[in-house]
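One letter stands for each residue in the lines below.
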Amino acid sequence: MEKIRLGISTCLLGEPVRYDGGHKLDRFLTETLGQYVEYVPVCPEVECGLPVPRESMHLEGDSEAPRLVTSRTKQDMTARMVEWAGERVIALEQEGLCGFIFKSNSPSSGMERVRVYNEKGLPVKSGVGIFARIFMEHFSLLPVEDEGRLHDPELRENFIERIFTLKRWRETLAHGRSRGNLVVFHTRHKLLILSHSPKHYQVMGKWVAQAKDVPLKEFYQNYQVLLTEALNLKATPKKNSNVLSHMMGYFKEQLSSDEKQELLEVIDHYRQEFIPLVVPITLIGHYVRKYDQPYLKEQVYLNPHPVELQLRNHV
Ligand code: SF4
């Protein structure tokens with residue numbers, strides 16, 4: 001499998017680029033996810049010309065438009081960082097990124113809740129790092145996370161699901177834009193979309209049905225926006241249980257009453273969060289294979305990312 005290209009804050013790879021000459025190696029990112037991902041490292045502070053080691057920095061002023069200032073000598077680095085970041089995001093367009101993993105809490109790289117010091121010198125956790133903000137504005141449809149949030153199993157599963165979906169979307173684009181290709185992509189992703197947003201499932205179904213009346217470019221652009229919006233919404237046990245019950249309906253004729261009862265119990269235990277999602281998914285996957293159900297066996301929902309990552313063992 002061709003690896004997914006992801007941008008990443010350089011220090012998370014173990015490179016000694018931090019202000020104090022240290023790093024923030026994250027072994028899940030390098031060793032586990034790293035088997036499927038090719039990282040494109042970005043260290044805003046070093047790449048904009050600052051040395052290692054260097055004086056530490058923080059954000060000051062208005063949370064919506066803070067300044068990047070060195071902590072001791074109070075040098076304002078904002079203009080330098082903004083100019084560099086504007087050029088860097090344009091260069092990153094060539095990298096084919098499917099997402100970005102930021103270093104949390106950094107005044108340059110943090111994507112949310114970064115400390116901003118007000119005029120009284122008090123920190124408020126309400127800022128976004130200067131580079132992270134420019135990146136997210138420039139690549140508004142790309143999945144982004146920080147390494148701290150990725151310790152949460154639900155956020156981790158959701159982020160990795162989104163980057164794998166974006167990779168499949170890019171592969172579909174590479175096969176050429178046609179209404180037929182988009183319908184195939186949508187059909188395979190229907191239940192995945194339903195698990196995140198029943199509303200988007202409806203809207204996207206209608207949108208795809210109108211395919212022949214919409215110019216192809218607009219059709220693809222709008223579809224990607226809707227897909228991004230849908231997957232940004234969390235797949236909860238309640239929404240997943242609805243999808244699992246929907247899938248069960250495909251086996252009405254084949255399953256015995258005992259088998260139906262067992263599957264209903266497993267889905268209910270998952271909905272009540274007694275067991276992880278992998279349990280009902282495995283049981284349904286077994287019936288899909290056994291009865292060779294043609295629609296379900298094509299559904300990405302059953303297998304949205306490599307099983308070796310064990311993401312559904314923890315949600
Ligand atoms: S947090 Fe960002 S700017 Fe700081 S060392 Fe890591 S990559 Fe560089």
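Because the structure is predicted, anything quoted here is derived from the model rather than measured.

K.L.:
Even after reading the chapter, I still don't get the site of the ligand, so can you show me in this structure?
P.N.:
If you check the shell around the ligand, you find 13 residues, and the closest are Cys 11, Cys 43, Lys 103, Ser 106 and Ser 109. With respect to the detected pockets, the ligand is housed in the second largest pocket. Its residues assigned to classes, the shell around the ligand comprises 5 nonpolar, 4 polar and 4 charged.

K.L.:
When you look at the pairing of strand 2 (residues 37-42) in this model, what are you seeing that I'm missing?
P.N.:
When a strand is regular, its side chains alternate between the sheet's two faces. By the bridge criterion, 6 bridges tie strand 1 (residues 4-9) to strand 2 in an arrangement that is parallel. Paired with Ile 8 across the strands is Pro 41, a residue of strand 2. Running through helix 1 (residues 27-32), the crossover from strand 1 to the neighbouring parallel element strand 2 is right-handed.

K.L.:
Whenever I open this one, helix 7 (residues 198-209) confuses me. Can you help?
P.N.:
For an α-helix the count is 3.6 residues per turn, leaving residues at separations of three or four pointing the same way. When the terminal C-alpha atoms of helix 7 are compared, their 17 Å separation across 12 residues agrees well with the 16 Å that a helix rising 1.5 Å per residue should span. Every buried residue belonging to helix 7 is among His 200, Met 204, Trp 207 and Val 208, and all of these are buried. Around the axis of helix 7, the buried residues are gathered within 95° of arc, so they sit on the same side. Facing away from the buried side of helix 7 by over 90 degrees, the exposed positions are Lys 199, Lys 206 and Ala 209. Against helix 6 (179-196) and helix 8 (216-232) lie the buried residues of helix 7.

K.L.:
Would you mind going over the nonpolar core with me for this structure?
P.N.:
For soluble globular proteins, nonpolar side chains are generally found buried alongside one another. One finds Leu 33, Ile 101, Phe 131, Phe 135 and Tyr 223 to be the most contacted residues of the largest nonpolar core, which totals 87 residues. Counting residues per element, this core draws most heavily on helix 8, which supplies 7 residues. The residues touching Phe 131, leaving out its near neighbours within four places in the chain, are Val 42, Pro 44, Trp 84, Ala 85, Arg 88, Val 89, Leu 92, Phe 100, Phe 102 and Ser 108.

K.L.:
Looking at this model, I keep getting lost on the sheet that holds strand 6 (residues 114-117). Mind explaining?
P.N.:
Across a sheet, strands are paired by hydrogen bonds formed along the backbone, either parallel or antiparallel in direction. Spatially, 4-3-6-7 is the arrangement adopted by the 4 strands of the open sheet, whose pairing is mixed. Among the strands making up the open sheet, the edge pair consists of strand 4 (67-70) and strand 7 (123-127). Taken over all neighbouring pairs, the strand axes of this sheet differ in orientation by 55° on average, direction set aside. Across 2 bridges, strand 3 (residues 57-60) lies against strand 6 in parallel orientation. Bridge pairing in strand 6 links Leu 59 to Val 116.

What counts as what
- Residues numbered from 1 in each chain as written.
- Predicted model: local features only at pLDDT ≥ 70, side-chain atom pairs only at ≥ 80, totals over all residues.
- Heavy atoms only, no water.
- Near = heavy atom within 4 Å.
- 1 Å grid on protein atoms, 1.4 Å probe; cavity = no way out; pocket = protein on both sides within 12 Å on 5 of 7 lines; lining within 4 Å.
- Sits in = over half its atoms within 2 Å of the grid points.
- Nonpolar A, V, L, I, M, F, W, Y, C, P; charged D, E, K, R; others polar.
- Pairing = 2+ DSSP bridges.
- Helix = DSSP H or I, 4+ residues; strand = E, 2+ residues; numbered from the N terminus.
- Right-handed = clockwise from strand over helix to strand, strands pointing away.
- Expected span 1.5 Å × (residues − 1).
- Buried < 20%, exposed > 50% of the residue type's maximum accessible area, 1.4 Å probe, protein only.
- Arc of directions from axis to C-beta.
- Contact = heavy atoms within 4.5 Å.
- Core = buried A, V, L, I, M, F, W, Y, C linked by side-chain atoms within 4.5 Å.
- Axes fitted to C-alpha atoms, helices over the stretch in contact; angles between N-to-C directions.

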